[in-house]
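# Observations on chain architecture
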Amino acid sequence: MIFFILIFRGKSYLKKSITYFCLFYFSQSFTSAQELTPRAYWPAPNGTMVAVLGYKYSFGDILTDPSLPISGVDSKIHVAFIGYVQTFSLFDRTTNFLIELPYTWATTTGNILGPLGELPGRRVNSGIADIGITISINLIGAPTMDLKGFQELRNNPRQILGASLKILAPTGAYEQDKLINIGSNRWAFKSELGYMIPLEEKWLLELEAGMWIFANNDKFIGQTRKQEPIYASQLHLVKRFIPGFWAALNVNFFWGGRSNLLEEDLKRNSKFGVTIVYPFCGRHSLKGGFNMGLVTESGENFKSFLIAYQLLLN
């Protein structure tokens, strides 16, 4: 992915300082276990506020809800999203609050699995998807800090341990008599631990491990649909170039998620991706990403492209 970037070379301390923390929080994906999120636990100065506007395109064997009893899937899913990040102090530790609102439009074809076998189907739908809220806190290595403390951390990175809780609320468009919907009509919760290890001055290794837990959908075509937890792990190798400009190689592995509608596990896969963030004009940055299947044992073999604009508000 190639970006044409405007580069601002202001000489004042303030402009340089703003560039130092023109942040990078926004996650790569609004899907559940497939997400690849480098630098999710990299801290920011207390009071940092970031607005995000972005677009993601996914195509291939993918569903807005991967636990549906559909095979031979071919989808084209577009997601436009807005988000807001606020950094604050909790128990004297750096803490982030993120809210993300996606709007999705998609076309999906596939074979619906039923008592009479497989029947071909097609669905075109659009609407607001489930709202996501994430709270993350740095447990070790990143106490609440001002701009000076953040610059010291950048110059001398240290090991950081963080924890987060992500909540997906059932706010998305949903029709209970339709098999494929934008919303999932259920609550979902992901708890995660993230560990960042400085390898050299400009290199970071990040390890993340988490688990998704799903509530039941009791309005699924006249029945209740249940899903077991999904376990997910991520590994990121991050290269920092200049303040605010970094790139990452990402890989994950996720398994579990057995649904009461199917006999086999729906998730036992791995994905690979790249992420690039570049700042410009002090308070602005662009984020680009791409990911694809690395090991696919059970469906969901798709590719995704992401581009997002991020604005530092404070």
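Attention in this report is confined to the structure presented alongside it. Note that the structure is a prediction, hence the values are computed from the model and not measured.

### Brief notes about the overall build of the chain
Scanning the chain for helices and strands turns up two helices and 15 strands. Taking all 314 residues of the chain together, the buried fraction comes to 50%. Counting only contacts in the chain whose residues sit at least 6 apart along the sequence, the fraction spanning at least 24 positions is 67%. In the form shown here, the chain has an accessible surface area of approximately 14,200 Å², with 63% of it arising from carbon and sulfur atoms.

### Notes on the pattern of salt bridges
In total, this model carries five salt bridges according to the counting rule given. A salt bridge links E175 to R123, with the shortest nitrogen-to-oxygen separation between them at 3.3 Å. A residue pair is termed long-range when its members are at least 10 positions apart, and E175 in the loop between β6 (160–168) and β7 (188–200) and R123 in strand β4 (residues 117–128) qualify at 52 residues. Classification of E175 by relative accessible area gives partly exposed; the value is 38%. Across the pair K178 and E175 runs a salt bridge, and its minimum N-O distance is 3.7 Å. The network of salt bridges with common partners includes R123, E175, D177 and K178.

### Some details on a nonpolar patch on the surface
Taken together, the side chains of L53, Y55, I82, L101, Y103, W105, I128 and I307 define a hydrophobic patch exposed on the protein surface, amounting to about 680 Å² of accessible area. Every element with two or more residues in the nonpolar patch is listed here: β1 (49–60) and β3 (93–114). Of all the elements, β3 adds the most residues to the nonpolar patch, at three residues. Tracing the sequence through the fold places L101 in strand β3.

### A look at the nonpolar core
Note that soluble globular proteins tend to have their nonpolar side chains buried in a common cluster. Within the largest apolar cluster, 14 residues are counted, with the highest numbers of intra-cluster contacts made by W42 and M196. Where this core is concerned, the elements lending two or more residues are α2 (147–155) and β12 (246–256).

### Quick notes on the side chain of S58
In this fold, S58 is placed in strand β1. You can call S58 buried: its relative accessible area is 5%. Polar side-chain contacts of S58 include one of 2.6 Å to the side chain of S304. The contacts of S58, once residues within four sequence positions are left out, are S75, K76, I77, F302, K303 and S304.

### Some points on the environment of R283
You can see R283 is positioned in the loop between β13 (267–280) and β14 (284–295). Through-space distance from the C-alpha of R283 to that of L312 is 4.9 Å; in sequence the pair is 29 residues apart.

### Some details on the packing of aromatic side chains
Aromatic ring pairs: the centre-centre distance and the angle between the two ring planes describe each pair. Applying the stated criterion across every chain, the model contains 12 aromatic pairs. Pairwise contacts between aromatic rings join Y57, F59, F290 and F305 into one cluster. Stacked on the ring of F302, the Lys or Arg K271 has its end atom at 4.0 Å from the ring centre.

### Re unusual backbone geometry
Of note, the phi angle at F91 is positive, near 55 degrees, even though the residue is not glycine. A positive phi angle, near 45 degrees, is found at I221, a position not held by glycine. With respect to the secondary-structure elements, I221 resides in the loop between β9 (217–220) and β10 (223–225). On the accessibility criterion, I221 (42% relative accessible area) is partly exposed.

The rules behind these values
Residues numbered from 1 in each chain as written. Predicted model: local features only at pLDDT ≥ 70, side-chain atom pairs only at ≥ 80, totals over all residues. Heavy atoms only, no water. Helix = DSSP H or I, 4+ residues; strand = E, 2+ residues; numbered from the N terminus. Buried < 20%, exposed > 50% of the residue type's maximum accessible area, 1.4 Å probe, protein only. Contact = heavy atoms within 4.5 Å. Areas by Shrake-Rupley, 256 points an atom, 1.4 Å probe, with all protein chains shown as cover. Salt bridge = Lys/Arg side-chain N within 4 Å of Asp/Glu carboxyl O. Patch = residues over 30% accessible without salt bridge, like charges linked within 9 Å, V, L, I, M, F, W, Y side chains within 5 Å. Core = buried A, V, L, I, M, F, W, Y, C linked by side-chain atoms within 4.5 Å. Polar contact = N/O pair within 3.5 Å; in protein donor to acceptor, adjacent residues only side chain to side chain. Phe/Tyr/Trp six-rings, centres within 6.5 Å; stacked < 30°, edge-to-face > 60°. Lys NZ or Arg CZ within 6 Å of the ring centre and 35° of its normal.

Keep in mind these numbers describe shape, not what the thing actually does.
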